[in-house]
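Analysis of the macromolecular model
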Amino acid sequence: LVTNPSFGILGYAIALITSSALCIFISMGALEKTLKKRLNVRDIFIKPLLCCVFMVFILSRSFQPLVNMDIPKILCVGSTLLLGMSGYLALAMTLGIDIRNTKNR
């Protein structure tokens with residue numbers, strides 16, 4: 001993908017994401033084999049990915065209206081991040097993702 005000039009940087013990004021995903025799945029298989037335990041892919045990947053997509057949606061919808069209200073950009077970025085993180089945490093708690101410190105268990 002990288003050597004084909006028509007793909008350019010998009011080809012590099014696709015190749016990087018694909019190889020990273022392949023490495024993750026190979027590592028997951030090795031972990032399952034070593035631990036002799038089946039890992040729950042839904043709880044490890046799907047739920048956090050859904051929360052991230054929701055956070056990106058909030059970020060994309062809230063930044064521009066704040067900028068249009070002539071609020072200083074640093075306040076726009078800070079409030080948008082606060083809204084995004086709040087949305088992430090709210091959805092994570094709704095989906096049952098454990099966000100507490102796990103060292104004390």
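Structure: see above.
Rules of the game
- Within every chain, residues take consecutive numbers counted from 1 along the sequence as written.
- Under the rules for a predicted model, residues below a pLDDT of 70 receive no local features and side-chain atom pairs below 80 are neither given nor counted, while totals for whole chains, interfaces and linings still include all residues.
- Excluded from the side-chain calculations are hydrogens and water; all other atoms, namely the structure's heavy atoms, are used.
- Each helix is a run of H or I in the DSSP string that is no shorter than four residues. Each strand is a run of E no shorter than two, and both are numbered from the N terminus.
- Any two residues having at least one pair of non-hydrogen atoms within 4.5 Å are treated as being in contact.
- Accessibility throughout is a Shrake-Rupley quantity obtained with a 1.4 Å probe, and a residue counts as covered only by protein chains that appear here.
- Basic side-chain nitrogens of Lys or Arg form a salt bridge, by our definition, when they fall within 4 Å of a carboxyl oxygen of Asp or Glu.
- To define axes, lines are fitted to C-alpha atoms, for helices over the stretch in contact only, and angles between the resulting N-to-C directions are given on a 0 to 180 degree scale.
- Here the angle decides the label: under 35 degrees means roughly parallel, over 145 means roughly antiparallel, 65 to 115 means roughly perpendicular, and every other value means oblique.
- By convention the crossing between two helices is left-handed if the near helix lies anticlockwise of the far one by an angle smaller than a right angle, and right-handed if it lies clockwise.
- Each residue is assigned to one of three groups, with Ala, Val, Leu, Ile, Met, Phe, Trp, Tyr, Cys and Pro labelled nonpolar, Asp, Glu, Lys and Arg labelled charged, and all others, Gly among them, labelled polar.
- Helix span is expected to be 1.5 Å times the residue number reduced by one.
- The classification of residues rests on relative accessible area computed with a 1.4 Å probe and restricted to protein chains. Under 20% of the type maximum is buried, over 50% is exposed, and intermediate values are partly exposed.
- Exposure above 30% relative accessible area and the lack of any salt bridge qualify a residue for a patch; like charges then connect within 9 Å, and the nonpolar side chains Val, Leu, Ile, Met, Phe, Trp and Tyr within 5 Å.

Counting its regular elements, the chain contains 3 helices and 0 strands. Of the contacts made within the chain by residues no fewer than 6 positions apart, 40% connect residues no fewer than 24 positions apart. A total of about 8,300 Å² of accessible surface is found on the chain, and carbon and sulfur atoms cover 71% of it.

One can find F63 in helix α2 (residues 41-68). Sequence separation between F63 and K73 is 10 residues; the distance between their C-alpha atoms is 9.2 Å. The residues touching F63, leaving out its near neighbours within four places in the chain, are C76, V77 and T80.

The next thing to look at is the pattern of salt bridges. If the charged atoms of two oppositely charged side chains come close together, the side chains can form a pair. Going through the model one piece at a time under the given rule, you end up with 2 salt bridges. A salt bridge links R38 to E32; the nearest nitrogen and oxygen atoms lie 3.0 Å apart. Put simply, K47 and D43 hold a salt bridge, and the shortest N to O gap is 3.0 Å. On the criterion of helical spacing, the pair formed by K47 and D43 is a turn pair, its members being 4 residues apart in helix α2.

Our next topic: the packing of α2 against helix α3 (residues 73-95). Relative orientation of the contacting elements α2 and α3 amounts to 150°, with a least axis distance of 8 Å. By the criterion of interaxial angle, the relationship of α2 to α3 is roughly antiparallel. Considering only the axes of α2 and α3, their crossing is right-handed. Taken together, the residues of the contact of α2 with α3 break down into 20 nonpolar, 5 polar and 2 charged.

Across its 28 residues, helix α1 (residues 8-35) extends 41 Å between first and last C-alpha, which sits within 8% of the 40 Å expected from 1.5 Å per residue. Residues of α1 that are buried include every one of G11, M28 and E32, and no others. As for α1, its buried residues are in contact with α2. K36 sits one or two residues past α1 and shows a positive phi near 55°.

This part is about unusual backbone geometry. One can expect most non-glycine residues to show negative phi and most peptide bonds to be in trans. Here K36, not a glycine, exhibits a phi torsion of approximately 55°, which is positive. With respect to the helices and strands, K36 occurs in the loop between α1 and α2. A positive phi angle is found at D70, which is not glycine, with a value near 60°.

A contiguous nonpolar patch, built from I9, L10, Y12, I14 and L16 and spanning about 520 Å² of accessible area, is present on the exposed surface. Looking at the secondary structure, you find L10 in helix α1. Given a relative accessible area of 53%, L10 falls into the exposed group.

Worth remembering: the numbers are spatial, not functional.
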